[in-house]
Amino acid sequence: MITTFDLMAGHPFLADLPTPWLRTLSFQAKRAVYQPGYRIFHEGRAATRFWLIREGRIALDIAAPGGGDVVIDELTGGTVLGWSWFAPPYRWHFGAVAVERTLAVEFDGPGVLRLCDEDPALGYALSRRFMTVLIDRLQATRVRLLDVDCPPLELAPPTGG
């Protein structure tokens, strides 16, 4: 039987982490399976978890003015869901819903933060990894915004002075 530790150790996000760190992190982790249509979290609510997606597909969305949600990105196996738990104000910046059956490893954010405080080297390694996740999400949002049909911004000509 494949353990939670095995699922973690085989995930690209945790590649090259020393085995003792993986074992320590495994105590903050559990398997999670989501069926299509299941809302994993809502934008603006408290963020206390993150997930390593092993297989499946998750849509990230934002609330659109006037109602409804707009999908800004889709995550698949080998990616990470959730970074908002890592820094104040600990609120989700997006929403997430399963598009297809998804297998993931779910982590307790506050528990992982305690581990990072206890072992700054682990905290640094995870911070670098989550910074990459954050940059990827910002880039995906940027690309999605560029897809929106809006007129180009007209800039005023520079003035001398």
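Now for a look at the structure at hand.

The rules behind the values
- Residues numbered from 1 in each chain as written.
- Predicted model: local features only at pLDDT ≥ 70, side-chain atom pairs only at ≥ 80, totals over all residues.
- Heavy atoms only, no water.
- Helix = DSSP H or I, 4+ residues; strand = E, 2+ residues; numbered from the N terminus.
- Buried < 20%, exposed > 50% of the residue type's maximum accessible area, 1.4 Å probe, protein only.
- Contact = heavy atoms within 4.5 Å.
- Core = buried A, V, L, I, M, F, W, Y, C linked by side-chain atoms within 4.5 Å.
- Salt bridge = Lys/Arg side-chain N within 4 Å of Asp/Glu carboxyl O.

Mapped onto the elements, Thr3 comes out in the segment before helix 1 (4-9). On the accessibility criterion, Thr3 (38% relative accessible area) is partly exposed. Note: C-alpha distance between Thr3 and Ser26 (23 residues apart in sequence) is 9.7 Å.

Mapped onto the elements of the fold, Gly56 is located in strand 3 (residues 49-63). Separated by 48 residues in the primary sequence, Gly56 and Ala104 place their C-alpha atoms 8.5 Å from one another. Leaving out residues up to four positions away in the same chain, Gly56 has contacts with Leu75, Thr76, Gly77, Glu100, Arg101 and Thr102.

Quick look at the side chain of Glu106 now. Take Glu106: it is sitting in strand 6 (residues 95-108). Under the relative-accessibility criterion, Glu106 is labelled buried at 10%. Contact partners of Glu106, with chain neighbours within four places excluded, come to Gln28, Ala29, Lys30, Ala32, Tyr34, Arg49, Phe50 and Trp51.

Let's shift gears to the nonpolar core. Leu14, Leu25, Trp51, Leu81, Phe107, Leu126 and Phe130 are the most contacted members of the largest nonpolar core, which has 44 residues in total. If near-sequence neighbours (up to four positions away) are discounted, Leu81 is found in contact with Ile40, Phe41, Phe50, Trp51, Ile53, Ile58, Leu60, Leu75, Ala96 and Arg137.

Turning our attention to the pattern of salt bridges. Taken as a whole and assessed by the stated rule, the structure comprises 7 salt bridges. Across the pair Asp61 and Arg39 runs a salt bridge whose closest N-O atoms are separated by 2.7 Å. Taken together, the residues Asp61 in strand 3 and Arg39 in strand 2 (residues 39-41) connect sequence positions 22 residues apart. Given the relative accessible area of 5%, Asp61 is considered buried. Between Arg57 and Glu74 there is a salt bridge; the shortest N-O distance is 2.8 Å. Of this pair, Arg57 sits in strand 3 while Glu74 sits in strand 4 (residues 69-76); the two residues are 17 residues apart in sequence, bridging distant segments of the chain. Residue classification places Arg57 among the partly exposed positions, given a relative accessible area of 26%. We classify Glu74 as partly exposed; its relative accessible area is 37%. Sharing partners across several salt bridges, the network here consists of Lys30, Arg49, Glu106 and Asp108.

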